[in-house]
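One letter stands for each residue in the lines below.
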Amino acid sequence: MERSLTLIALFAALIAALGLIPKFDLAFGVPITAQSMGVMLCGTVLGAKRGGLAALLFIGLVALGLPLLAGGRGGLGVFASPTAGFVIGFPIAAFVTGLAMQQFRALPIGWAAGVASILGGVVVLYAFGIGGLMVALKKDLLEASGLVLAFVPGDLIKAVLAGFITAGLAKARPASLLSRS
Amino acid sequence: MISLTSPVETRAHGWPAGAKLAGLCLATVMLFAVEGLVWHLGFLAAALCMYALPGWSFFQGGMRRLRVLWPFAVIILLWHYFTNDFANGAVIVVRMITAVGLANLVTMTTKLSDMIEVVRWLSAPLRRFGVQTRSIELAIALVVRFTPVLAQKGQTLALAWKARAARRLGWRVITPFAILAIDDAEHVAEALRARGGL
């Protein structure tokens with residue numbers, strides 16, 4: 001119980017901290033923030049339920065008024081803005097990532113985590129994000145998708161990297177990989 | 001930890017947080033129920049007045065937070081200009097700015113502790129279903145405490161990387177970063193258990 005609680009809280013803090021630390025360069029020199037990678041890691045490391053709760057705790061604190069989103073954004077305005085769908089999708093994305101991770105037990109951890117991150121952190125997250133854009137900007141599916149398509153390749157790369165990172169964590173701290181225990 | 005509450009003390013800081021949130025819900029529902037550009041320009045003007053009332057520095061701070069919306073405003077207005085539907089585009093943009101503006105206003109005038117009080121009140125019914133609401137509050141406190149701690153450790157890792165590598169900071173730094181978070185979590189869990197647990 002205590003362990004679940006502290007892991008959930010610390011992974012929520014990890015999502016926040018990944019938005020605060022300086023931007024990285026991917027292999028091709030594309031600067032990214034690692035915040036959405038934090039959401040994927042919640043699922044791949046903590047599993048569906050705890051990972052989803054960690055991301056839920058994170059967006060709950062954003063709603064309460066803490067500047068935890070990348071770029072120091074936060075507050076209730078986030079949930080009224082056009083990108084609200086992405087933020088609201090965080091917990092579901094982490095949950096689905098965790099669920100997929102638990103389903104792919106037959107695969108090696110790195111592969112399972114990569115594929116699960118693509119399913120949860122890209123497919124599910126963009127479904128919510130695009131849905132949010134459709135509502136806020138009154139656009140149809142195709143138009144709303146066009147607005148965010150440019151970000152998909154970066155997030156696919158992040159999902160693959162989340163796979164590598166999860167494999168590394170499984171080696172370094174096998175007991176803490178709750179999605180496989 | 002820095003929150004988004006405005007340092008400029010306004011009269012609205014003293015109002016009950018629950019009432020402000022209920023008012024915000026009502027206002028947002030109304031914004032999305034009403035069509036017609038004139039109405040929306042009126043709502044926007046009213047929102048801007050609310051920002052202006054506490055003084056210039058509050059107004060400036062509020063406007064700075066709305067800056068993230070400009071790219072969307074430009075895209076939507078251009079889009080609707082070229083599809084000969086400018087009036088609808090203007091409604092969407094003005095409504096978006098007012099909705100976000102009002103929500104930010106609540107955040108700017110409400111202390112974190114008041115918001116947590118609302119969460120406590122809202123989560124009270126869950127106790128009947130056996131949910132430990134105390135652990136929600138503990139989790140909130142842990143995140144508030146550990147976000148700056150982790151961010152600090154992340155900076156240290158980034159510095160260590162820069163001191164040793166010729167290449168710029170890469171994704172590999174995230175693995176040790178996540179390990180630090182896991183270790184902190186395990187230590188805090190142990191400390192909680194040692195003090196009697198939840």
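Please read these numbers as outputs of a predicted model, since none were measured by experiment.

What follows covers the overall build of chain B. Along chain B, the regular secondary structure elements total 8 helices and 0 strands. For chain B, the sequential pattern of α-helices and β-strands runs α-α-α-α-α-α-α-α. Oriented by its inertia axes, the alpha-carbon framework of chain B measures out at about 60 × 55 × 35 Å. In chain B, buried positions account for 30% of the 198 residues. Long-range pairs, those at least 24 residues apart, make up 70% of the contacts in chain B with a sequence separation of at least 6.

The domain boundaries assigned to chain B delineate domain 1 (11-122) and domain 2 (132-194). Computed from C-alpha coordinates alone, the two centres of domain 1 of chain B and domain 2 of chain B are separated by 34 Å.

Residues lying three or four places apart along an α-helix face the same way, a consequence of the helix completing one turn every 3.6 residues. Residue and element names in this part refer to chain B. In this model, helix 2 (residues 37-52) (16 residues) spans 22 Å end to end at C-alpha, consistent with the 22 Å of a helix rising 1.5 Å per residue. Taken together, the buried positions of helix 2 are His40, Phe43, Ala47 and Tyr51. Buried residues of helix 2, viewed axially, fall in a sector of 85°; they line one side. Opposite the packed face of helix 2, turned more than 90 degrees from it, sit the exposed residues Val38, Ala45, Ala46, Cys49 and Ala52. Lining the buried residues of helix 2 we find helix 1 (17-33), helix 3 (56-65) and helix 5 (86-108).

All names here are of chain A. Two numbers describe how helix 2 (residues 35-64) lies on helix 3 (residues 84-103): the axes approach to 7 Å, and their chain directions differ by 165°. By the angle class used here, helix 2 and helix 3 are roughly antiparallel. Two packed elements cross with a definite hand, and for helix 2 against helix 3 that hand is left-handed. The residue makeup of the contact of helix 2 with helix 3, split by class, is 19 nonpolar, 8 polar and no charged.

The residue Met40(A) is located in helix 2 in this model. Sequence-distant contacts of Met40(A), that is, excluding residues within four places in its chain, are made with Thr97(A), Ser117(A), Gly120(A), Gly121(A), Ala159(A) and Ala162(A).

Let's shift gears to the interface of chain A and chain B. Interface size is commonly expressed as the accessible area that is lost once the parts come together. At the junction of the two partners, chain A supplies 49 residues and chain B supplies 56 residues. At 15 residues, the largest contribution of residues to the side of chain A that touches chain B is made by helix 1 (residues 2-20) of chain A.

Looking now at unusual backbone geometry. A positive phi angle, near 55°, is found at Lys138(A), a position not held by glycine. Tracing the chain through its elements places Lys138(A) in the loop between helix 4 (109-137) and helix 5 (141-148). Of the residues examined, Lys138(A) has 17 C-beta atoms within 10 Å and is grouped as partly exposed. Residue Asn84(B) is not a glycine yet carries a positive backbone phi of 55°. Here Asn84(B) is to be found in the loop between helix 4 (70-82) and helix 5. Judged by the 7 C-beta atoms lying within 10 Å of it, Asn84(B) falls in the exposed class.

Inspection of the secondary structure puts Cys25(B) in helix 1. Sequence separation between Cys25(B) and Arg64(B) is 39 residues; the distance between their C-alpha atoms is 23 Å.

About the cut-offs
Residues numbered from 1 in each chain as written. Chains lettered and ligands numbered in written order. Predicted model: local features only at pLDDT ≥ 70, side-chain atom pairs only at ≥ 80, totals over all residues. Helix = DSSP H or I, 4+ residues; strand = E, 2+ residues; numbered from the N terminus. Buried ≥ 20, exposed ≤ 12 C-beta atoms within 10 Å, placed from the backbone. Contact = placed C-beta atoms within 7 Å. Domains from an automatic or database assignment. Expected span 1.5 Å × (residues − 1). Arc of directions from axis to C-beta. Axes fitted to C-alpha atoms, helices over the stretch in contact; angles between N-to-C directions. Parallel < 35°, antiparallel > 145°, perpendicular 65-115°, else oblique. Left-handed = near helix turned anticlockwise from the far one by under 90°. Nonpolar A, V, L, I, M, F, W, Y, C, P; charged D, E, K, R; others polar.

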